[in-house]
Each structure stands twice: as structure tokens, then as C-alpha cells.
Amino acid sequence: MIAIVIVSHSREISDGLKRMAEAMSQENVPIVSAGGMDEPDNPLGTDALLIKDAIEQVIDNDGVLVFADIGAAKLNAEMAIDLLAADQQRKVRFCDAPLVEGVLAAAVQSAGGGTMDAVIQEAQSAYHPPTDIAKETGTLALEHSDNAIHADYQIVNPLGLHARPAARFVTGLNACTSDVRLRNLTKNSGWVNAKSLNKVVTLEVVEGDYISVSADGEDAAQAHAVIGALIDENFGEGPARIAPDAAPPLESAPATAQLGPVLNGIPISPGFAVAPAHHLRTELPSVDVTRVEDTEAEVARLEDALARARDEITGIMKRSRDTANEYDASIFKAHLLHLDDPEIADIARARIRGEQLNAEAAWQQTAAILIEDYACLDDTLLRARGDDLADVSNLVLRILSGATEPITEFDRPVVLCIPHLTPSDVPALDLEHVRGICVETGGKTAHAGILASGLPIPVVFGVGPRLREVEDGAEVILDGTTGTIDIAPDAKALDNMKRKRDSWVGRISEAQAIKLDPAVTRDGQRRRVAANIASVDEAKIAVDSGAEEVGLFRTEFLYMNRDAAPDEEEQSKVYDKVVAQLGGRSLMIRTMDIGGDKPVPYLDRPGEANPNLGWRGLRYGLSNSDLFQTQLRAALRASAKGPVRIMFPMVSTLEEVLAARNELETAKESLSTAGRAFDPDTEIGIMIEVPAAAELAELIAPHIDFFSIGTNDLTQYVMAADRGNPNIADLFDSFHPAVLRAVKRTIVAAKDAGIWVGMCGAMAGDPLATPVLLGLGLDEFSMNSNQIPEFKLDFTKLSADACVDLAHETLVLTGADQVRECIKAFLEETVS
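Keep in mind that this is a model prediction, so the values were computed, not measured.

**Some words on a negative patch on the surface**
And step 1. Together, Asp523, Asp801, Asp805 and Glu809 make up a region of like negative charge exposed at the surface.
And step 2. Here Asp805 is to be found in helix α28 (residues 800–811).
And step 3. According to the relative accessible area criterion, Asp805 is exposed, its value standing at 53%.

**A look at the nonpolar core**
And step 1. Phe553, Tyr575, Ile646, Phe648, Ile686, Phe707 and Ile709 are the most contacted members of the largest nonpolar core, which has 90 residues in total.
And step 2. The element best represented in this core is helix α20 (residues 625–638), accounting for seven residues.
And step 3. Setting aside residues up to four positions removed in sequence, Ile686 forms contacts with Met647, Phe648, Val651, Val657, Ile700, Ile704, Phe706, Phe707 and Ser708.
And step 4. Grouped together as the second largest cluster of nonpolar side chains are 54 residues, Val108, Cys176, Val180 and Ile369 included.

**With respect to the sheet that holds strand β10 (residues 266–269)**
Two orientations exist for strands paired in a sheet by backbone hydrogen bonds: parallel and antiparallel.
And step 1. Pairing in this open sheet of eight strands is mixed, and the strands run β9-β16-β15-β11-β12-β13-β14-β10 from one edge to the other. Of all the strands in the sheet, just β9 (262–264) and β10 have a single pairing partner and so form its edges. Between one strand axis and the next, the sheet turns by 30° as a mean value, whatever way the strands run.
And step 2. Where strand β11 (residues 272–279) and strand β12 (residues 414–418) come together, three bridges link them in parallel fashion. Paired with His278 across the two strands is Leu416, which belongs to β12.
And step 3. Sheet contacts for helix α16 (residues 491–514): β11, β13 (434–439) and β15 (475–479); angle to β11, the most-contacted strand, approximately 115°.

**So, the packing of aromatic side chains**
And step 1. A complete count under the given rule lists nine aromatic pairs for this structure.
And step 2. Pairing Phe553 with Phe557 gives two aromatic rings, centres 5.9 Å apart and planes at 45°, and the pair type is tilted.
And step 3. Residue classification places Phe557 among the partly exposed residues on the basis of a relative accessible area of 32%.
And step 4. Ring centres 6.0 Å apart and planes at 65° place the aromatic pair Phe628 and Phe648 in the edge-to-face group. A residue pair is termed long-range when its members are at least 10 positions apart, and Phe628 in helix α20 and Phe648 in strand β21 (residues 644–648) qualify at 20 residues. By the burial criterion, Phe628 is buried, and Phe648 matches it.
And step 5. Through pairs of rings, three or more aromatic residues link up here, namely Phe553, Phe557 and Tyr575.
And step 6. Above the ring of Trp756, the side-chain terminus of Arg528 is found at 4.4 Å from the ring centroid.

**Quick look at the sheet that holds strand β2 (residues 31–33)**
And step 1. Across the sheet, which stays open at both edges, the four strands sit in the order β2-β1-β3-β4 with parallel pairing between neighbours. Pairing within the sheet leaves two strands with one partner each, and these edge strands are β2 and β4 (92–94). Averaged over neighbouring strand pairs, the angle between their axes works out to 20° when direction is ignored.
And step 2. Packing against the sheet, helix α1 (residues 11–25) makes contact with β1 (2–7) and β2, and its axis sits at approximately 160° to β2.

**Regarding the packing of helix α18 (residues 568–582) against α20**
And step 1. Remark: α18 packs on α20, axes separated minimally by 8 Å, with the N-to-C direction vectors making an angle of 35°. At the point where α18 passes α20, the crossing takes the right-handed sense. Where α18 abuts α20, its residues Glu568, Glu569, Gln571, Ser572, Tyr575, Asp576 and Val579 lie against Thr630, Gln631, Arg633, Ala634, Ala635, Arg637 and Ala638.
And step 2. Residues belonging to the contact of α18 with α20 are distributed by class as follows: five nonpolar, four polar and five charged.

**Side note on the pattern of salt bridges**
And step 1. Under the criterion given, the structure shown has 37 salt bridges.
And step 2. Asp544 is the salt-bridge partner of Lys540, the closest N and O atoms lying 2.8 Å from each other. One end of the pair, Lys540, and the other, Asp544, are both in helix α17 (residues 537–545), four residues apart, so they sit about a helical turn from each other.
And step 3. According to the relative accessible area criterion, Asp544 is partly exposed, its value standing at 35%.

**With respect to unusual backbone geometry**
And step 1. One non-glycine residue, Gln356, lies in positive phi territory at about 60°.
And step 2. Among the structural elements, Gln356 can be located in the loop between α12 (342–355) and α13 (359–375).
And step 3. Even without a glycine there, the phi angle at Ala720 is positive, about 50°.
And step 4. With respect to the element layout, Ala720 can be found in the loop between α24 (711–718) and α25 (737–753).
And step 5. A relative accessible area of 65% means that Ala720 is categorised as exposed.

**As for empty space enclosed by the protein**
And step 1. In total, this model carries four cavities of 30 Å³ or more according to the counting rule given.
And step 2. Space inside the largest cavity adds up to approximately 80 Å³.
And step 3. Contributions of two or more residues to the lining of the largest cavity are made by α1, α12 and α13.
And step 4. The dominant element in the lining of the largest cavity, judged by the number of residues it contributes, is α1, at four residues.
And step 5. Residue composition of the lining of the largest cavity, by class: four nonpolar, two polar and four charged.
And step 6. Shared between two domains, the lining of the largest cavity takes at least three residues from each, and those domains are domain 1 (2–127) and domain 4 (295–401).

**Thoughts on the pairing of β13**
And step 1. Burial analysis of β13 places five of its six residues in the buried class, which makes it a mostly covered element.
And step 2. With five bridges connecting them, β12 and β13 associate as parallel partners. The residue of β13 that forms the bridge with Cys417 is Cys438.

**Topic: the environment of Phe678**
And step 1. Structurally, the position occupied by Phe678 is in the loop between α21 (654–674) and β22 (683–688).
And step 2. Given a relative accessible area of 17%, Phe678 falls into the buried group.
And step 3. As for Phe678 and Gly642, which are separated by 36 residues in sequence, their C-alpha atoms are 9.6 Å apart.
And step 4. Setting aside residues no more than four positions away along its own chain, Phe678 makes contact with Leu636, Arg637, Ser639, Ala640, Lys668, Leu671 and Ser672.

**Observations regarding helix α29 (residues 816–830)**
And step 1. Compared with the 21 Å implied by 1.5 Å per residue over 15 residues, the 21 Å span of α29 between its first and last C-alpha is a close match.
And step 2. Close packing links the buried residues of α29 with α25, α26 (770–776) and α28.

**Some words on the environment of Val201**
And step 1. Its place among the elements puts Val201 in helix α8 (residues 197–202).
And step 2. Given a relative accessible area of 30%, Val201 falls into the partly exposed group.
And step 3. As a C-alpha pair, Val201 and Gly160 span 41 residues in sequence and 9.5 Å in three-dimensional space.
And step 4. Once residues lying within four places of it in the same chain are set aside, the contact partners of Val201 are Leu161, His162 and Ala166.

**So, the packing of α17 against α18**
And step 1. With their axes 9 Å apart at the nearest point, α17 and α18 run at an angle of 15° to one another. Taken as axis vectors, α17 and α18 run roughly parallel relative to one another. Of the two possible hands of crossing, α17 and α18 adopt the one that is right-handed. Facing Ala539, Lys540 and Val543 of α17, the residues of α18 in contact are Val578, Gln581 and Leu582.
And step 2. Its residues placed into classes, the contact of α17 with α18 shows four nonpolar, one polar and one charged.

**Side note on the confidence of the model for the protein chain**
And step 1. Residues at a pLDDT of 70 or more form 86% of the protein chain, whose mean pLDDT is 83.
And step 2. Counted against residues more than four places away or in other chains, residues 128–138, with its pLDDT under 50, gives 11 contacts.
And step 3. Contacts of residues 241–260 to residues separated by more than four positions or lying in other chains number 35 contacts, the stretch itself having pLDDT below 50.

**Describing α18**
And step 1. Taking 1.5 Å per residue as the helical rise, α18 with its 15 residues ought to reach 21 Å, and the 21 Å between its terminal C-alpha atoms agrees with that figure.
And step 2. All of the buried residues along α18 are Glu568, Gln571, Ser572, Val574, Tyr575, Asp576, Val578, Val579 and Leu582.
And step 3. Just downstream of α18 lies Gly583, where phi reads positive at about 55°.

So, how was this worked out
Residues numbered from 1 in each chain as written. Predicted model: local features only at pLDDT ≥ 70, side-chain atom pairs only at ≥ 80, totals over all residues. Heavy atoms only, no water. Patch = residues over 30% accessible without salt bridge, like charges linked within 9 Å, V, L, I, M, F, W, Y side chains within 5 Å. Areas by Shrake-Rupley, 256 points an atom, 1.4 Å probe, with all protein chains shown as cover. Salt bridge = Lys/Arg side-chain N within 4 Å of Asp/Glu carboxyl O. Lys, Arg positive; Asp, Glu negative; His and termini not counted. Charge placed at Lys NZ, Arg CZ, Asp CG, Glu CD. Helix = DSSP H or I, 4+ residues; strand = E, 2+ residues; numbered from the N terminus. Buried < 20%, exposed > 50% of the residue type's maximum accessible area, 1.4 Å probe, protein only. Core = buried A, V, L, I, M, F, W, Y, C linked by side-chain atoms within 4.5 Å. Contact = heavy atoms within 4.5 Å. Pairing = 2+ DSSP bridges. Axes fitted to C-alpha atoms, helices over the stretch in contact; angles between N-to-C directions. Phe/Tyr/Trp six-rings, centres within 6.5 Å; stacked < 30°, edge-to-face > 60°. Lys NZ or Arg CZ within 6 Å of the ring centre and 35° of its normal. Left-handed = near helix turned anticlockwise from the far one by under 90°. Nonpolar A, V, L, I, M, F, W, Y, C, P; charged D, E, K, R; others polar. 1 Å grid on protein atoms, 1.4 Å probe; cavity = no way out; pocket = protein on both sides within 12 Å on 5 of 7 lines; lining within 4 Å. Points joined across faces, edges and corners; volume = space filled by probe spheres on them. Domains from an automatic or database assignment. Expected span 1.5 Å × (residues − 1). Parallel < 35°, antiparallel > 145°, perpendicular 65-115°, else oblique. pLDDT = per-residue confidence, 0-100.

See below:
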């Protein structure tokens, strides 16, 4: 394998490039960072002896390729080679190629087993200015034999054949001896060498594109097997956001022929819209790499852009605070942290000074490395934070380049179609005329998704690149509830949807008018309506939405995205703030549910084959008494400031419940000894999400004050169906009679013991489930804050007595679809 030595004036640059190359190559390519000087007072520069030492670290490989940035770095690299012994010099070559692009291309080619000449050739051809790929002069003619194997594929991973996916593609094919050629069918490109990272990337294969591959040689079938395996595993990027089509489009067909009548995406904000499609182009002008003479003037340009960006983000925060809420505004605090992050700003300054780069190129290249680092993370939430960094990066680039903001104000109603929505786009939307938003990319966990979920218009993310092919000005129908966009509705469909939208607008207005009223059925039965929250700022949103209490405060956020667990004082302050926000309404604090889909790296937990069935929730708390005691004491201290309940998650046995009570008594004794105030009668309860707890509910109930049913995990465990597995999505259904029977058993056990029972899973906020849950005897419905107004509106139209009969009827059915049809028939008959 060919080893790589990276020489730069800045250690931060060479270290960052090393990390990026290692991530791209996905193999153990020997790479050494030889940037900077070993002089604390003067770290910028290069040292021939340090470079020589770096080369000697990897000299035992098949060869060593040295890259350098500019000027003295190249001279010192060549001097270092001259200082080597003669036999060593024969194994070392200096590569005069663009530093970033060259190193990345070389790493991938080396990982595939490329020779020294092949690696150098790939590195030196690494950078080409953008071209029309359909007219790409570097493409090849397909001169394969009759024995060549040809196949077409659709690429459905979010990144397409860019960055790491392209690297995996090229690395896999380089292990084959056959000649493999590739073309982008969707963009009608020419053929390129599929073993060249640079050529593959220039095809601009994005999510949803079709590619054509021809392999000619003895292991041609193996080459196609490699591609098939990569596509099957979605290039390691997790589940695809779009389903592969049955067949590729015909090359001769017009672009619109590839479209079906409906495009599907991820519902973000509910509602309906009928309006002409308007494409908003958000691409920035391309960044040219230029060398500057006056580096300090260029650093000053960057500083000015950073200051202007800071002012702009601060202004967005203020507008969000004035027009939305503190939680939305707080999202932009993360933007300011990115802006001031020394890993970006300091390295960009160093690149300007060390490589004489223009500010645009230095900033873009530095930010790109960190954005790629986020894209490599396994955690979905953390990957989504890379979008925030990209938003900040683009803002600075827009200021540096003098590019104008895209027009976001309109003189007529539109459905906005946009490639990527950023957090800073949301507060700037013209909601007077923007009736709905369709976005090619993104998901619910991105900050843009969180912000957009609070908009009073339908929003759908993850529609995919085919959104671009919707004709500008064409009237479309957007359904934010189902996540669909009808791109060719007929007159009847348009008329129906306009009536549906008018009805929806009236319904929203009616719900807002009664959201602060109690939830009372038409025959006088009242139930409590609560909110699920996951941050301090969401408490105010819950109150404004009409929540009577908080039925679930997820506390995992206190432990995540940090280097150490929060202490008692920090947690106590957080709980006190939430209690104050609620103004006398009860707060349900769920103790930490760490593990499963909420990993916390600093706790150094062992890996588990099935973490959702593993060491998590109360199980983990009881095994880590110090951590558990800290949270219990903080929660109890909050009870002195207002009504607090404490709830334990992931309970399976009565023994666990008794152990948790003992831990709570220990915490009370500790606080009493310290003279800390708390409510000694604080209610405690458990989540019913494990089938064993539902089965033992009548034994557990006498020892606690309440049950709260978590239908998400309960459904997963009752049906033995991973809720994240699309292949068995039909089994993960809370309406299945098996799940409803577990719910009934829990409620009956609670009533017999004289305790109350609530529900904090997704089912509690599902309007179709409300009559059944009411009929089963549920006391509290806890849901997302934005669901509360419409829930109360629907609740007032129900008869509790009639719902009891409905509940009994559903329990004897055999499937979830039958249950749904039964409920729909009931609502049509009993609700006017």
C-alpha cells in the first residue's frame, strides 16, 4: 500500500486533512501529518527534519507519496527527501497536486491497491473546474468486448456518489481486475473510469439518479456484486429516504415522464395547500481558489464577514424570540457557537496566512472538513447538527462573495420548492404568500425541521431530487399530514383540496379558540391533557398550547452532547426553571433513559448486540447508584418549588420498582441531612412499556401512585417489531388488538388499585385512537404541544359512554386495520 505524508504550514490543517482522508478511504492507509513547527511561539511553518521523520515512520510500505501546500513547504519536503538514505529515496515521490483534493484522491486510490504511478495520476487529476458533464471532454468511449457485463442501478443514499460513498465505490472496484466504466443515465453523461474517484465525483450522481455500469474482464461479475452490495447497504448511510423505483427511466423520455403523479416525503408540519409551485434556488456561486499577496488584508476580510454574520444571526434570534418562542430562538445560539469555534475560524486564518489562500476558499475548505466529520457520525441527531454548520458556512460565504439573498417575498400564493431549507431560512419566510414548503432533503431531527414543525403551513422534507423536475408555476397540491405532493392534479382534485383546505383553516381557528379550556366530553366526562417536552424552553410552548401539565419531561438531553454527566446543582437549576415556566402545573420528570437510541459516550458503556433490549432506563440507573442519586436529589429539590412527579422508565419487574423506591428514600434522607427542602409526598410511578410490566401491573400498582403507558416501546416489544425497520413496519402498529389488550390490562389494574393512569406515547395524540383510549378509561393524555388544541376540539365531540362500547368492540377484533375501520365507522356515526 502507498503511504501518504501531508506537509502544511499549519498543523491543524494537516491533522484535519488526515482525518478526512482516513474517513474517505475506509481502509488502514498509512497517513502521517507533518504540518507546522515544534515551536509554541511560532507554530506556523515547515521543518525538513520533521518531514524526514514523518517519511521514515511509513517507509516500510510499498512507497511513500509526499504532498505539500505552498512555497517553503514544497522546498522543505524536497529537502527532506534528499536527506533520506539512497535506498529510501527510491521509494519516495513528491506529488505536485492540489493539497486537499490530491490527498483525498490518493488515499482512496491507495486503499484500492493502486500502484505509485496510479496514485500519483489520480492525485494530479484531482481538481477540475465545474463543467457540463454531458459535454465532459474527459469521458471515454465504451470499447468493451461482447463478454462485458452491463447493468443499471438507482442510487438512493442521501449523499449520492459524493464524498465517502464515492470513496467506498471506487475502493471496492479497485479490488477487481476488470475494466469498469460508469455513466450517469439521469444526466446523460459520457462514460468514465469507475475506479477513479475524481471521474466518479465529476458525474454528479445525486440521490435518486440512475447509473449504468459496464465491467469487462474475468471478475466482471464480482465487480457488479460489489456495487450491488454497496447499494443494498445504502453505502452505510442508514435507511434510504426514497424507495428505489422498479425500473430506470428511458433515456429518450422527457424529464417529466420520470415523474409519478405524487411525490412522497417526510411530514414535518400538517395542513393542506393548493398553489403554483415556485422553485427557490439557494446555491451559492462557486468558490474559486486564488493566491493572495496581502494575507493580513484577506484575514481582515474574513473577520469582517464573521462579524457581519454574527450580527445577522443575532438579528434572527431576536426576530424568532419576538415572533415564535425562546426555544426556536435558542437554536441560533448553536449557530453562534459554530461561528466562534476555533476549529473553523482559527484554521481558516491559518490557511490564509500559511497557504496564501483567498478568504472564501480558506473558509469553505475548512468548514467542509468539519461538515464531513458530522456526516460520518452514527447518531442521527448529531449528523443533523452538521446542517447547522453548513448554514453558518454558507452565510459567511454569501457575505464574502457579495452574493444576494434569494428572493423570499412574493406577490401571490406559492408552494415553495427548495433543495435545502436551513434554520436561518425559516424566520425569513413570507407566510402571507407561502402556502406550503417542499424540501428535497432534511428530516424531523434537523434544526430546520424542528423550526418548520411550528409553522402554520404544511411542510414536507425529504422529497428527493425529483422535486426539481416539477414545472415552475404548475399548480400543485401539498398534504403536510401524509407528506405528499400531487404534481399534476386534475380540476376535480384541485376543487376537493381547496374545500379541504378551507375546512382545515376553519378547524385550526376553532381549535385555537378553545385550547385553554378543559377537555370535557359532550356527556360531561373530563380528562387531563398534558404535554411531552424535552427542554426548558418547550415548557412555555406547552403552556401556550393549552397543556394542563407536563406528562413527560425527557431528561436525556441533560446527559448528551457533553464530556461529563451534569451534577446535582446543574440539574436542579434546569428543573426549577421548568417548574417556574409551568406556573403551578405539574411536572413529570422521567429519570434518565440512557441506552438504546440515546447513547452517551463518556459513560463508557459496553457495546450491546440489541441495545433496545439491553442495559437502559431504570436498569441502568439501579446499576449506577451515584448517577441515579444525583438525578433523584435534583428532582426532589424541584418539588419544593412546585408540583413534581417522578417516573421510572423501562421497568420489567416488581423487584425493580421496590429497588427504585429504596433509592428514592435514600435520596430523601440525603437531602434531609443536608437541610434541603423537598415535598416528602412527591408522587412516583413507572412507564408501562415492557410487556412484563403490563402483565404484572396488578402486582406493581399498590406500590406506586400512577402508571404512564409508553406505546412506542410497548408496541415494539408486544409485536416483536423494531420500529426502525422498514421491512416490518406493518407489524409496528399500536392499533393492533394485542397492544390494546396490554393497554386495557394496565388501566384495569390501575383502577383496581385506586391509582391513575396516563399515556405519553405517540398513540395519546393520535385523533383516531382517542375514542378507544377514552373508552378504556385513560385518565391523562400526554402528547406533543402542537397537537393539544385540535385534540381538545375533537374530545368535546365525543360521548364517553359510547366510547366504552367502542373499546369493547375493538378488543375482539383480529388486526390493526380492522380496528381502524371500526373506529372510523364509529366516528362517522356518532360525531357530527
